[in-house]
Amino acid sequence: MPREFRPGREGREWRAARAAVLVPGVTCAWPDCPHPGVPLDLDLPRSDPWSATVDHHVELVDGGHPTDPANLAPMHRTCNQAKENRRRSKARLTPPKTRPATRLRPRRPSPSGEPPVL
Ligand SMILES: [Zn+2]
């Protein structure tokens, strides 16, 4: 069975969108980049932490468009990873949805001494 197609990670449309973002002279879009204003090296191998990646401003899992240029930005691999780590830690800080605590109140026994009806 073929694996799921990922439009923001592969395919002709993605490669074209990626090529349009990663043009010579672009700089990293991560605000906390340790090398702000320094053009990305487009020739570094993928294994290099300073290789060029294309970041989705709004991540695909959050409903971001996979190939809309407005949602894409050049970024170092390591900066992209830092952004992803921050996004995940923020997600962890968001309190999980819990059910109302109505069942945490102690039940009073009924006046007749019968066990409460659940
Ligand atoms: Zn960077």
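Since this is a predicted model, take the numbers as computed values, not measurements. (Residues numbered from 1 in each chain as written. Predicted model: local features only at pLDDT ≥ 70, side-chain atom pairs only at ≥ 80, totals over all residues.)

(A) Layout of the overall build of the protein. When its secondary structure is counted, the protein shows two helices and two strands. Ordering the α and β elements of the protein from the N terminus gives α-β-β-α. Every one of the 118 residues in the protein was classed for burial, and the buried ones make up 14%. Within the protein, contacts between residues separated by at least 24 positions form 54% of all contacts whose residues are at least 6 apart in sequence. (Helix = DSSP H or I, 4+ residues; strand = E, 2+ residues; numbered from the N terminus. Buried ≥ 20, exposed ≤ 12 C-beta atoms within 10 Å, placed from the backbone. Contact = placed C-beta atoms within 7 Å.)

(B) Region of the structure containing the nonpolar core. With seven residues, the main nonpolar core is built from Cys28, Ala29, Trp30, Leu40, Ala52, Met75 and Cys79. When sequence neighbours within four positions are dropped, the list of residues in contact with Met75 reads Cys28, Ala29, Trp30, Thr53, Asp55 and Asn80. (Core = buried A, V, L, I, M, F, W, Y, C linked by C-beta atoms within 7 Å.)

(C) Spotlight on the pairing of strand 2 (residues 72-76). Within strand 2, four of the five residues are buried, which leaves it mostly tucked inside the rest of the structure. Where strand 1 (residues 52-56) and strand 2 come together, five bridges link them in antiparallel fashion. Looking across to strand 2, one finds that Ala52 is bridged to His76. (Pairing = 2+ DSSP bridges.)

(D) Highlighting the environment of His76. Here His76 is to be found in strand 2. With 27 C-beta atoms packed within 10 Å, His76 lands in the buried category. The sequence separation of His76 and Pro34 amounts to 42 residues, and the corresponding C-alpha distance is 10.0 Å. Not counting chain neighbours up to four residues away, the residues in contact with His76 comprise Cys28, Trp30, Cys33, Leu40 and Trp50.

(E) Seen up close, helix 2 (residues 77-93). Between its first and last C-alpha atoms helix 2 spans 24 Å; for 17 residues at 1.5 Å apiece the expected length is 24 Å, and the two agree. Along helix 2, the positions that sit buried rather than exposed are Cys79, Asn80 and Lys83. In an axial view of helix 2, the angular spread of the buried residues amounts to 105°, which keeps them on one side of the axis. Facing away from the buried side of helix 2, by more than 90 degrees, are the exposed residues Glu84, Asn85, Arg88, Ser89 and Arg92. Next to the buried residues of helix 2 lie strand 1 and strand 2. (Expected span 1.5 Å × (residues − 1). Arc of directions from axis to C-beta.)

(F) Representation of the confidence of the model for the protein within the structure. Per-residue pLDDT for the protein has a mean of 86; in total, 77% of the residues score no lower than 70. Mean pLDDT in the protein bottoms out at helix 2, which sits at 90, and peaks at strand 2, which reaches 98. (pLDDT = per-residue confidence, 0-100.)

(G) How the structure looks around the environment of Pro69. Considering the arrangement of structural elements, one finds Pro69 in the loop between strand 1 and strand 2. By the C-beta count within 10 Å, which is 10 here, Pro69 ends up exposed. Note: C-alpha distance between Pro69 and His56 (13 residues apart in sequence) is 9.2 Å.

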